Amino acid sequence: MAVGNVRRITDRVYLVGAIDWNRRLFDELIPLPEGTSYNSYLIEGSESSALVDAVDPTKTEELLVNLRGLGVEKIDYVVSNHAEQDHSGAIPAVLNEYPGAKVVTNRRCKEQLMELLLIPEERFIVVEDGGELSLGDRTLRFILAPWVHWPETMLTYLVEDRVLFTCDLFGSHLATSDLFARDRSGVYRAAKRYYAEIMMPFRKAIRGHLNKLEDLEIKTIAPSHGPIYDEPGFILDAYREWVSDEVKAEVVVAYVSMHGSTQAMVDRLIAGLLRDNRTVKPFNLTVTDVGELAMALVDAAGIVLATPTVLGGAHPSAVYAAYLVNALRPKLRFASLIVSYGWGGRAVEQLKGMLTNLRIELLDPVVVKGYPKEGDLEAVDRLAEEVSSRVGRSEGP
Ligand code: FEO
């Protein structure tokens, strides 16, 4: 039996979603060390009411209990900012409970919702960019914002209260009893992890959206994951930094070693970088949380990927890391490889061929047969010098 949990945000806006304290994996891919929430918002106008986004299907009953607990007898509109099921999955149940409700969304999102949730066409009202919907003494304005996180995403602005409902954008996978972002450092980390895992590939699109929001007076940002920002400058500034072209003087070393040869070279590389007082972030791919690796990639100037050779190619953990780096499209300036092998293989060609999304300088790799000898380690030293000099160019004045 679901227990309700309604929180009031303004005199007309209620948080009626659900906190998922125990979820530890999203999309069967992304680790959620701190759980998450699916924020759904009820807005009461003088004439009509709207629900902004719903919840994950697993939390449908909690949403309905919250609405019943508030005594909501009628919902006129269900605004869908994003068709992904963690926000839309409960919409069919809401439409069933409130038969007069219409789904308000853009054309692309409508198509997705019809495909994914089999919602019939007659239940939709389609809105355009900048379109408005009156709830009586309250007005909703819709701002199309593709690619945060799918192509159909949009934002909804509650004009009179100056609340911007952003769904995934500015969100954080964070289960917390804090209604508002008060633990700044904790929320910053969770929001950065979220950006790294979900938003980073769409950095340039987000930059455009941030420009579009410049003219909007925003008092509150209400995302659909994690706490609400009643001081929105905090998250807007963080996003401006993350999506900028600026990198930090940091290098990521992502590696896996089977019998110690690759490890010996990685140790030597790190020692060389530390000698130059460089910031280096090593990740042993056999134990690392990919979210931590993704976070490091938000700012890093470069990456060195180090792997042994397995069955003629890179170790599968290194292949996974290369795939991830390529897919996340971080603003790296350079990359290099360290490869260890026993009798042959094509790990260098394989990994290079996997980084085609990145327009970066590829420094000469260090490729070593067997355990590294002194000459091999000197080659690693030279790579460390190359890396150090490039990282140095990213340092501020
Ligand atoms: Fe939170 Fe893209 O869904």
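Keep in mind the model is a prediction, meaning the values are calculated, not measured.

Enquirer: Provide a residue-level description of the packing of helix 8 (residues 261–275) against helix 12 (residues 374–393), including the pertinent values.
Expert: Contact geometry of helix 8 with helix 12 gives a least axis separation of 8 Å together with a crossing angle of 40°. If you check the angle between helix 8 and helix 12, you find them oblique. Of the two elements, helix 8 crosses helix 12, and the hand of that crossing is right-handed. Contacts between helix 8 and helix 12 involve Ala-264, Met-265, Arg-268, Leu-269, Gly-272, Leu-273 and Arg-275 from the first element and Glu-374, Leu-377, Val-380, Asp-381, Leu-383, Ala-384, Val-387 and Ser-388 from the second. A per-class count over the contact of helix 8 with helix 12 returns 9 nonpolar, 2 polar and 4 charged.

Enquirer: Go over helix 8 with me, naming the residues and quoting the values.
Expert: The end-to-end C-alpha separation of helix 8 is 21 Å, in line with the 21 Å expected for 15 residues at 1.5 Å each. When we look at burial in helix 8, the residues that qualify are Ser-261, Thr-262, Ala-264, Met-265, Val-266, Leu-269, Ile-270, Gly-272 and Leu-273. Tucked into the core, helix 8 has its buried residues touching strand 17 (250–255), strand 18 (279–284), strand 19 (302–310), strand 21 (334–341), strand 23 (366–369) and helix 12. Of the residues flanking the end of helix 8, it is Asn-277, one or two places downstream, whose phi is positive at about 60°.

Enquirer: Lay out empty space enclosed by the protein with the relevant residues and their values.
Expert: Evaluation of the coordinates by the stated rule reveals 2 cavities of 30 Å³ or more. Within this model, the largest cavity holds a volume of roughly 160 Å³. If you go around the largest cavity, you meet 16 residues; those closest to its centre are Arg-7, Leu-15, Ile-19, Asn-39 and Thr-176. The class makeup of the residues in the lining of the largest cavity is 7 nonpolar, 7 polar and 2 charged.

Enquirer: Tell me about the state of the cysteines, and name the residues and values.
Expert: By definition, a disulfide links two cysteine residues through a covalent bond between their sulfur atoms. Inspection of the entire model under this criterion finds 0 disulfides. For the unlinked cysteine Cys-109, the closest cysteine sulfur is that of Cys-167, found at 8.7 Å. Classification of Cys-109 as buried rests on a relative accessible area of 0%.

Enquirer: With reference to specific residues and values, describe the sheet that holds strand 12 (residues 132–134).
Expert: The 5 strands lie next to each other as 12-13-14-15-16, forming an open sheet whose pairing is mixed. Strands at the two margins of the open sheet, each flanked by one partner only, are strand 12 and strand 16 (220–223). Here the strands of the sheet are splayed against their neighbours by 20° on average, with no regard to which way each runs. With 4 bridges joining them, strand 15 (residues 163–167) and strand 16 adopt parallel strand pairing. Note on strand 16: the bridge partner recorded for Leu-164 is Ile-221.

Enquirer: Before we move on, could you go through the pattern of salt bridges and cite the residues and values that matter?
Expert: Per the stated rule, a full pass over the model turns up 32 salt bridges. Linking Asp-76 and Lys-74 is a salt bridge whose minimum nitrogen-to-oxygen distance equals 2.8 Å. For Asp-76, a relative accessible area of 17% translates into the label buried. On the basis of relative accessible area, Lys-74 is assigned to the partly exposed category, the value being 46%. One network of salt bridges, with partners in common, ties together Asp-11, Arg-12, Asp-137, Arg-138 and Asp-161.

Enquirer: Go over the pairing of strand 21 with me, naming the residues and quoting the values.
Expert: The buried count for strand 21 comes to 7 of 8 residues, which makes it a mostly enclosed element. Across 7 bridges, the pairing between strand 19 and strand 21 is parallel. In the sheet register, Thr-307 faces strand 21, and the bridge partner there is Val-339. Direction of pairing for strand 21 relative to strand 22 (residues 361–362): parallel, over a ladder of 2 bridges. Residue pairing across strands places Ala-335 opposite Leu-362, the latter belonging to strand 22. Note: strand 21 against strand 23, 4 bridges, orientation parallel. Paired with Ser-340 across the bridge in strand 23 is Val-368.

Enquirer: I'd like to hear about the sheet that holds strand 8 (residues 49–52), residue by residue, with values.
Expert: Judged by pairing direction, the sheet is mixed, and its 7 strands sit side by side in the order 1-2-7-8-9-10-11 without closing on themselves. Edge positions in the sheet fall to strand 1 (7–8) and strand 11 (124–126), since each has one partner strand and no second. Where strand 2 (residues 13–15) lies against strand 7 (residues 41–44), 3 bridges are found, and the strand directions are antiparallel. In the sheet register, Tyr-14 faces strand 7, and the bridge partner there is Leu-42.

Enquirer: Residues and numbers for helix 4 (residues 107–117), please.
Expert: Of all the residues in helix 4, the buried ones are Cys-109, Lys-110, Leu-113 and Leu-117. Along the long axis of helix 4, the arc covered by the buried residues comes to 105°, so they all point the same way. Against the buried residues of helix 4 lie helix 2 (85–88), helix 3 (91–97), strand 10 (102–105) and strand 11. Capping the start of helix 4, Asn-106 holds a side-chain oxygen 3.1 Å from the backbone nitrogen of Arg-108, two or three residues further along.

The rules behind the values
- Residues numbered from 1 in each chain as written.
- Predicted model: local features only at pLDDT ≥ 70, side-chain atom pairs only at ≥ 80, totals over all residues.
- Heavy atoms only, no water.
- Axes fitted to C-alpha atoms, helices over the stretch in contact; angles between N-to-C directions.
- Helix = DSSP H or I, 4+ residues; strand = E, 2+ residues; numbered from the N terminus.
- Parallel < 35°, antiparallel > 145°, perpendicular 65-115°, else oblique.
- Left-handed = near helix turned anticlockwise from the far one by under 90°.
- Contact = heavy atoms within 4.5 Å.
- Nonpolar A, V, L, I, M, F, W, Y, C, P; charged D, E, K, R; others polar.
- Expected span 1.5 Å × (residues − 1).
- Buried < 20%, exposed > 50% of the residue type's maximum accessible area, 1.4 Å probe, protein only.
- 1 Å grid on protein atoms, 1.4 Å probe; cavity = no way out; pocket = protein on both sides within 12 Å on 5 of 7 lines; lining within 4 Å.
- Points joined across faces, edges and corners; volume = space filled by probe spheres on them.
- Disulfide = S-S within 2.5 Å.
- Pairing = 2+ DSSP bridges.
- Salt bridge = Lys/Arg side-chain N within 4 Å of Asp/Glu carboxyl O.
- Arc of directions from axis to C-beta.
- Polar contact = N/O pair within 3.5 Å; in protein donor to acceptor, adjacent residues only side chain to side chain.

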